[in-house]
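Given next are the chains, with one letter for each unit.
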Amino acid sequence: MTAPLDLSPDATEEEAAAAAERWLHENLPPAWLKAVLDGDREAVAAQRADADGLRAWYAQLGDSGLATPSWPREHGGLGLSADAAGAISDVLLRYSADFDSPAFIGRGLAGPTILLHGTDEQKRRHLPGIRRGEVQWCQLFSEPGAGSDLAALAARAERQEDGTWRVNGQKVWNSYAHFADWAILMARTDPSRPKHRGISYFLVDMRTPGVSPRPLRQMNGDAEFNEVFLDDVVLPEDALLGDLNDGWAVGISTLMQERNGLSGRPGVGPGRGEELARLAARTGTWADPLLRDRLLSYLVEERVLQMTTVRAFVETGTGPVGAEGSIRKLISSWLQEQAGVLAAEADPVGVLGWPAGSGLPSSAYDFLSMKQTAIAGGTSEIQRNIIAERVLGLPKDPDPEKDVPFNQRSRG
Ligand SMILES: Cc1cc2nc3c(=O)[nH]c(=O)nc-3n(C[C@H](O)[C@H](O)[C@H](O)COP(=O)(O)OP(=O)(O)OC[C@H]3O[C@@H](n4cnc5c(N)ncnc54)[C@H](O)[C@@H]3O)c2cc1C
């Protein structure tokens, strides 16, 4: 087993990044390291395509503490500040050495929420599998009638006489639920309370009888999403995370992590702008002065976002997980949309057609995926509402039934 990295919890950003880079040079499989240093993206992709090798790499990364650098050392992290941890994430990205995106739900959402609200037993049981990338998680929050207004959720969890919970309801847009091992779930435990106050938060084994994910196909070709039906699902007493009927507060802590995590690369350095410029150089569209001008504007805006993020980390001391995170998410969603459009313009032939049977070219994929971040984890309109209310101090969106018991409301 790999030993945790020997790094002081007071390490600065530079020290943390240098230690991570040294560790990668010593531990990344030699062919992978060579592919990264040569900038050979296909060779890197080939390394990452070896499922067994990738699994072993994730376990090694998890044991080193580098996969979860801000977690406490007692739970396998390095106990680092948010900015030093961010510097490590940046290095892992540069070496294409990080977990792949499905792991975000465990490492970025379930893990931090369990750290904040879990019992010792829940932490002991769940955190190691998340840290080592061994257990896939999904998020069962959204419902057909509850997305932006998540507190309107209707899935019911009823306590049985023996202390177990019986859950019934339907969730939707649940990424990776079709292969997830565990889920974080919000369900209504007391409909006689106002909508925010009768919700509880649960940890659900996806193999429990009655849990049925059904994949949904998206326009970018992925089938990442699912609807998940919960029919008489019986959960053990200790599936509850946090206090009974306090699930809204627990869920908000997950959503704040999500907004922060969806906002792009934490450090200041190469990002999508450079990739787009390289794409334009490869296809010859770099010769178009108008496109070049827009690509350069994009590069500047991306840098400004990165620097604003760093400033938010420094000013709040905790990282932009409060309402500041909404500003960051709003801007990075906008940047993702711009990047989708620019990818299509930089590779106009690539987005028009590709050989049958081969996957989408990355430019077409980026174009078709450009709206994702602007919807996931709270839409851009909702981020604007949060900024208006909590940053600018404007009046709240009116909800005349906010204090009415959920089961007596006139609307959902
Ligand atoms: C890539 C991706 C991954 C996702 N993964 C998951 C997941 O794993 N688990 C999960 O539970 N959910 C997931 N979601 C769902 C996501 O959280 C919801 O789609 C999102 O919260 C919006 O909810 P909705 O789709 O019901 O839209 P609605 O809430 O119906 O919104 C429709 C439109 O109305 C606008 N609107 C709504 N209310 C207001 C308001 N008060 N003020 C101004 N405008 C408003 C919205 O901005 C939007 O434009 C994912 C979504 C995406 C795109």
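Residues numbered from 1 in each chain as written. Predicted model: local features only at pLDDT ≥ 70, side-chain atom pairs only at ≥ 80, totals over all residues. Heavy atoms only, no water.

Undergrad: Quick question: what am I supposed to make of a nonpolar patch on the surface here?
TA: On the surface, V391, L392 and L394 cluster together into a nonpolar patch covering about 280 Å² of accessible area. By the element assignment, L394 lies in the segment after α15 (380–391). (Patch = residues over 30% accessible without salt bridge, like charges linked within 9 Å, V, L, I, M, F, W, Y side chains within 5 Å. Areas by Shrake-Rupley, 256 points an atom, 1.4 Å probe, with all protein chains shown as cover. Salt bridge = Lys/Arg side-chain N within 4 Å of Asp/Glu carboxyl O. Helix = DSSP H or I, 4+ residues; strand = E, 2+ residues; numbered from the N terminus.)

Undergrad: Before we go on, may I ask you to explain the pattern of salt bridges in this structure?
TA: Pairing between side chains of opposite charge can happen when the charged atoms of each approach one another. Summed over the entire model, instances satisfying the criterion amount to 22 salt bridges. For K195, the salt bridge identified is with D149, shortest N-O distance 2.9 Å. Residue K195 is found in the loop between β4 (182–188) and β5 (199–205), and its partner D149 is found in the loop between β1 (137–140) and β2 (156–159); the two are separated by 46 residues along the sequence. Connected through salt bridges with shared partners, the residues D63, R131, R132 and E134 form a single ionic network.

Undergrad: How do you make sense of the packing of aromatic side chains when you look at a structure like this?
TA: Any two aromatic rings considered together are summarised by their centre-to-centre distance and by the angle between their planes. In this structure the tally under the stated criterion is 8 aromatic pairs. Ring centres 5.8 Å apart and planes at 50° place the aromatic pair Y176 and F179 in the tilted group. According to the relative accessible area criterion, Y176 is buried, its value standing at 13%. Assessed through its relative accessible area of 41%, F179 is described here as partly exposed. An aromatic cluster is present here, built from W23, W32 and W57 joined pairwise through their rings. (Phe/Tyr/Trp six-rings, centres within 6.5 Å; stacked < 30°, edge-to-face > 60°. Buried < 20%, exposed > 50% of the residue type's maximum accessible area, 1.4 Å probe, protein only.)

Undergrad: I keep staring at the UniProt feature "domain: Acyl-CoA dehydrogenase/oxidase N-terminal" (unreviewed entry) in the protein chain and nothing clicks. Help me out?
TA: Within this numbering scheme, the UniProt entry marks residues 46–134 as carrying the feature "domain: Acyl-CoA dehydrogenase/oxidase N-terminal" (unreviewed entry). Structurally, residues 46–134 is divided into 65% helix and 0% strand, and its ends, taken at the C-alpha atoms, are 21 Å apart. (UniProt positions renumbered as here; feature names shortened; annotations may be inferred.)

Undergrad: I'm lost on a negative patch on the surface in this one. Help?
TA: On the surface, E161, D162, E237 and D238 cluster together into a patch of negative charge. Looking at where E237 falls in the secondary structure, it is placed in the loop between β7 (225–235) and β8 (240–241). (Lys, Arg positive; Asp, Glu negative; His and termini not counted. Charge placed at Lys NZ, Arg CZ, Asp CG, Glu CD.)

Undergrad: Help me understand the site of the ligand in this model?
TA: The immediate surroundings of the ligand are formed by 19 residues, with S142, S148, W173, T379 and E381 found nearest. At a separation of 2.7 Å, an oxygen atom of the ligand approaches a polar backbone atom of S142. Between W173 and the ligand, the recorded distance is 3.1 Å, taken from a backbone N or O atom to a nitrogen atom. Here the ligand, which alone exposes 980 Å², has 67% of that area covered by the protein. When residues of the shell around the ligand are traced back to their parent elements, those giving at least two are α14 (372–375) and α15. The element best represented in the shell around the ligand is α15, accounting for 3 residues. Tallied by class, the residues present in the shell around the ligand amount to 6 nonpolar, 10 polar and 3 charged. (Near = heavy atom within 4 Å. Polar contact = N/O pair within 3.5 Å; in protein donor to acceptor, adjacent residues only side chain to side chain. Nonpolar A, V, L, I, M, F, W, Y, C, P; charged D, E, K, R; others polar.)

Undergrad: Is there a simple way to think about unusual backbone geometry in this case?
TA: Glycine aside, negative phi is the norm for most residues, and most peptide bonds take the trans geometry. Look at S96: it is not a glycine, yet its phi comes out positive at around 45°. The phi torsion at D232 lies on the positive side, around 50°, for a residue other than glycine. Within the secondary structure, D232 sits in strand β7. The class of D232 is partly exposed, set by a relative accessible area of 42%.

Undergrad: When you look at helix α6 (residues 103–117) in this model, what are you seeing that I'm missing?
TA: The α-helix advances 3.6 residues per turn, and as a result positions three or four apart in sequence lie on the same side. In this model, α6 (15 residues) spans 20 Å end to end at C-alpha, consistent with the 21 Å of a helix rising 1.5 Å per residue. Its maximal kink placed at A110, α6 deviates by approximately 30°, while the proline P112 follows within four residues. Of the residues making up α6, those classed as buried are A103, I105, G106, R107, G108, L109, A110, G111, P112, T113, I114 and L115. (Expected span 1.5 Å × (residues − 1). Bend = angle between axes of the 7 residues up to and from the residue.)

Undergrad: Can you walk me through the packing of α6 against helix α7 (residues 120–131) in this structure?
TA: Two numbers describe a pair of packed helices, the interaxial angle and the distance between the axes. Packing of α6 against α7 leaves a shortest axis separation of 10 Å and a crossing angle of 160°. Comparing their axes, α7 and α6 come out roughly antiparallel. For α6 against α7, the interelement crossing comes out left-handed. Listed contacts from α7 to G106, R107, A110, G111, I114 and L115 of α6 are Q122, K123, H126, L127 and I130. Here the contact of α6 with α7 is composed, by residue class, of 5 nonpolar, 4 polar and 2 charged. (Axes fitted to C-alpha atoms, helices over the stretch in contact; angles between N-to-C directions. Parallel < 35°, antiparallel > 145°, perpendicular 65-115°, else oblique. Left-handed = near helix turned anticlockwise from the far one by under 90°. Contact = heavy atoms within 4.5 Å.)

Undergrad: What am I meant to see in the environment of D149 here?
TA: Classification of D149 by relative accessible area gives partly exposed; the value is 31%. Sequence-wise, D149 and A45 are 104 residues apart; in three dimensions their C-alpha atoms are separated by 39 Å. Within polar-contact distance, the side chain of D149 engages the side chain of K195 at 2.9 Å.

Undergrad: Please explain the side chain of S253 as it appears in this structure.
TA: Along the chain, S253 turns up in helix α8 (residues 247–261). Setting aside residues no more than four positions away along its own chain, S253 makes contact with T113, L116 and H117.

Undergrad: Would you explain the environment of A87 in this entry?
TA: Mapped onto the secondary structure, A87 falls in helix α5 (residues 82–94). A87 sits in the buried class, given a relative accessible area of 11%. Look past the residues within four positions of A87 in its chain and what remains in contact with it is E13 and A17.

Undergrad: Sorry if this is basic, but what is going on with the packing of helix α1 (residues 13–27) against α5 here?
TA: Where α1 contacts α5, the axes come no closer than 8 Å and their chain directions differ by 35°. The element α1 and its partner α5 pack so that their crossing is right-handed. Packed against α1, whose contacting residues are E13, A16, A17, A20, E21 and L24, the element α5 presents D83, A84, A87, I88, V91, L92 and R94 at the interface. Its residues assigned to classes, the contact of α1 with α5 shows 9 nonpolar, no polar and 4 charged.

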